[in-house]
Amino acid sequence: MTRLNHLNRLTLRVLAAGALLLASPWGARAQSAEALAKQVVDVEHAYAAAFQACKPDALDKLTTKDFTFTDYNGMTYSRNWFLSEAEGCTRNVVRVEPMRVTFNDGDNTAIVQSRLHQFVGDKPMPVNLLMHVLIRRDGEWKVALHHSNVMMKSGSLGNQYKLPNSGEAFVLNPGGGAPSTKSAPAFAHEVVRYDGDPAKNLKEDPIKLEKMALDKILEYASVFQNCRTADLQKILSPTYLISGFNGATYTRDWMIATSDHCYHNIQRIEPLQVRLYGENTAILIGRYHQFVYESPTDFRHLTSIAFREEGTWKVAIHYSTTFNEKVGSPYGKLFYSEGGMSQRVMEPFPNHVPPFKPRY
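From a predicted model like this one, the values you see are computed outputs, not experimental measurements.

Definitions and cut-offs
Residues numbered from 1 in each chain as written. Predicted model: local features only at pLDDT ≥ 70, side-chain atom pairs only at ≥ 80, totals over all residues. Heavy atoms only, no water. Disulfide = S-S within 2.5 Å. Helix = DSSP H or I, 4+ residues; strand = E, 2+ residues; numbered from the N terminus. Buried < 20%, exposed > 50% of the residue type's maximum accessible area, 1.4 Å probe, protein only. Contact = heavy atoms within 4.5 Å. Salt bridge = Lys/Arg side-chain N within 4 Å of Asp/Glu carboxyl O. Pairing = 2+ DSSP bridges.

Colleague: Honestly, the state of the cysteines in this entry has me stumped. Any pointers?
Modeller: Taken as a whole, this structure holds 2 disulfides when the rule is applied. What pairs with Cys 54 in a disulfide is Cys 89, and their sulfur atoms sit 1.7 Å apart. Taking the sign of the S-S torsion, 65 degrees for the link of Cys 54 and Cys 89, the bridge is right-handed. Here Cys 54, found in the loop between helix H2 (33–52) and helix H3 (56–62), pairs with Cys 89, found in the loop between helix H4 (79–88) and strand E4 (91–104); they are 35 residues apart in sequence, far enough to count as distant. Note that Cys 227 is cross-linked by a disulfide to Cys 262, the S-S spacing being 1.8 Å. Here Cys 227 and Cys 262 share a disulfide; its torsion about the S-S bond, 85 degrees, makes the bridge right-handed. Here Cys 227 is found in the loop between helix H5 (206–225) and helix H6 (229–235), whereas its partner Cys 262 is found in the loop between helix H7 (252–261) and strand E12 (264–277), with 35 residues between them in sequence. For Cys 262, a relative accessible area of 43% gives the class partly exposed.

Right, dumping it as structure tokens:
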């Protein structure tokens, strides 16, 4: 069975030069995928340009008030830290290459997966795999979450996600370990739209919705740990992708096949924050422990995104980054975390972080 057959309710097209209008349950209110993608990509480029040009006021308008910034070191920083970091003007180049734009929640949420290029003091930094979550309110897109991680040559690089009909050049992690560049080759963005009908999602109390979303994400970890592949298929959204510590991105089919191998002895998530956007989008950022073949793996930060689709919460994104508190800024963190290996039982973690005086 082909991947498209698995995604029988997913309308998926590569953005092309001509107009592109996809079938949608929102009728005349629906916009073409091309028009929506252009709005989102324009915000991405404005975000990068404002960061590069040291314009925190512009970034203030481009981000939500609860925006969080998870860096390549796995640490999650506050919005005030992010705006102050932009004002510090340390980056000569900030360039975002949107590779895949996924729309959900009645086209009110977009997940952007990109390659992030940066120069600091005229020195190119390693290319990062970047994930942004954008929320649309009153017709305006804003970035709610930034999570990046260095693309590396380590780890499994087989069965990576590729853009349709694009060939090897558009593997999301092209070999890993490459330095950033100041310019990019021309390429088409992949646009994905899940055409589930939001009207089928019953009205619920926000607290109940948040609990349901959290329970589903924790169940997702348990199901994978216990090799319940049939249940995993019910939990994963048709648009699901998983990005690992090495900056490589894998398909839903790969994840299901991996579950059948049954090598995760422990997969445990310690939620640090759950954010609900409207009634159909939930973001969880947490600490992620794994044991593989009875051995602990490195301790990681996890971002998980769930959508309520056809009345049921499903996990759409799994994105993890290894904790490394020895690099990056020691200030501005929202949560205390440190590196090391996963543990079966974790002592209660402190919330103390180094003091940071916000400017915004």
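Colleague: Would you mind showing me how to read the environment of Val 292 here?
Modeller: You can see Val 292 is positioned in strand E13 (residues 281–292). In this structure, the C-alpha to C-alpha distance between Val 292 and Ile 266, residues 26 residues apart in sequence, is 7.2 Å. Among residues more than four places away in sequence, those in contact with Val 292 are Tyr 263, His 264, Asn 265 and Thr 297.

Colleague: Looking at this model, I keep getting lost on the pattern of salt bridges. Mind explaining?
Modeller: A side chain of one charge can pair with a side chain of the opposite charge when the charged atoms of the two come close. Scanning the entire structure with this criterion turns up 22 salt bridges. In this structure, the salt-bridge partner of Glu 279 is Lys 203, at a minimum N-O distance of 2.7 Å. Here the residue Glu 279 occupies a position in the loop between E12 and E13, and Lys 203 occupies one in the loop between strand E9 (190–194) and H5, the gap between them amounting to 76 residues. A relative accessible area of 23% places Glu 279 in the partly exposed class.

Colleague: Would you mind showing me how to read the pairing of E12 here?
Modeller: Within a regular beta strand, the side chains point alternately toward one face of the sheet and then the other, so they alternate between its two faces. Two elements, E12 and E13, share 12 bridges in a ladder whose sense is antiparallel. Each bridged residue has a counterpart across the sheet, and for Gln 267 the counterpart in E13 is Gln 290. Between the end of E12 and the start of E13, which pair antiparallel, lie 3 residues, with Gly 278 showing a positive phi angle near 65 degrees.

Colleague: How should the pairing of E9 be read in this particular structure?
Modeller: With 5 of 5 residues buried, E9 is to be regarded as a mostly interior element. Neither face of E9 is exposed, since Glu 190, Val 192 and Tyr 194 on one face and Val 191 and Arg 193 on the opposite face are all buried. Strand direction decides the pairing type here: E4 and E9, joined by 4 bridges, are parallel. Paired with Val 101 across the two strands is Val 191, which belongs to E9.

Colleague: I'm lost on H7 in this one. Help?
Modeller: Since the α-helix advances by 3.6 residues per turn, residues separated by three or four positions end up pointing in the same direction. Among all positions of H7, only Arg 252, Trp 254, Met 255, Ile 256, Thr 258 and Ser 259 are buried. Close packing links the buried residues of H7 with H5, H6, strand E10 (236–243) and strand E11 (249–251).

Colleague: How should unusual backbone geometry be read in this particular structure?
Modeller: Glycine aside, residues mostly have negative phi angles, and peptide bonds mostly take the trans form. The backbone of Asp 105 shows a phi angle near 55 degrees, a positive value even though the residue is not glycine. Within the fold, Asp 105 resides in the loop between E4 and strand E5 (109–120).

Colleague: Could you clarify how one ought to interpret H4 in this entry?
Modeller: Every buried residue of H4 is listed here: Arg 79, Trp 81, Phe 82, Leu 83, Ser 84 and Ala 86. Just downstream of H4, Cys 89 is the residue with a positive phi angle, here 60 degrees.

All quantities given are derived from atomic positions and should not be read as evidence of function.
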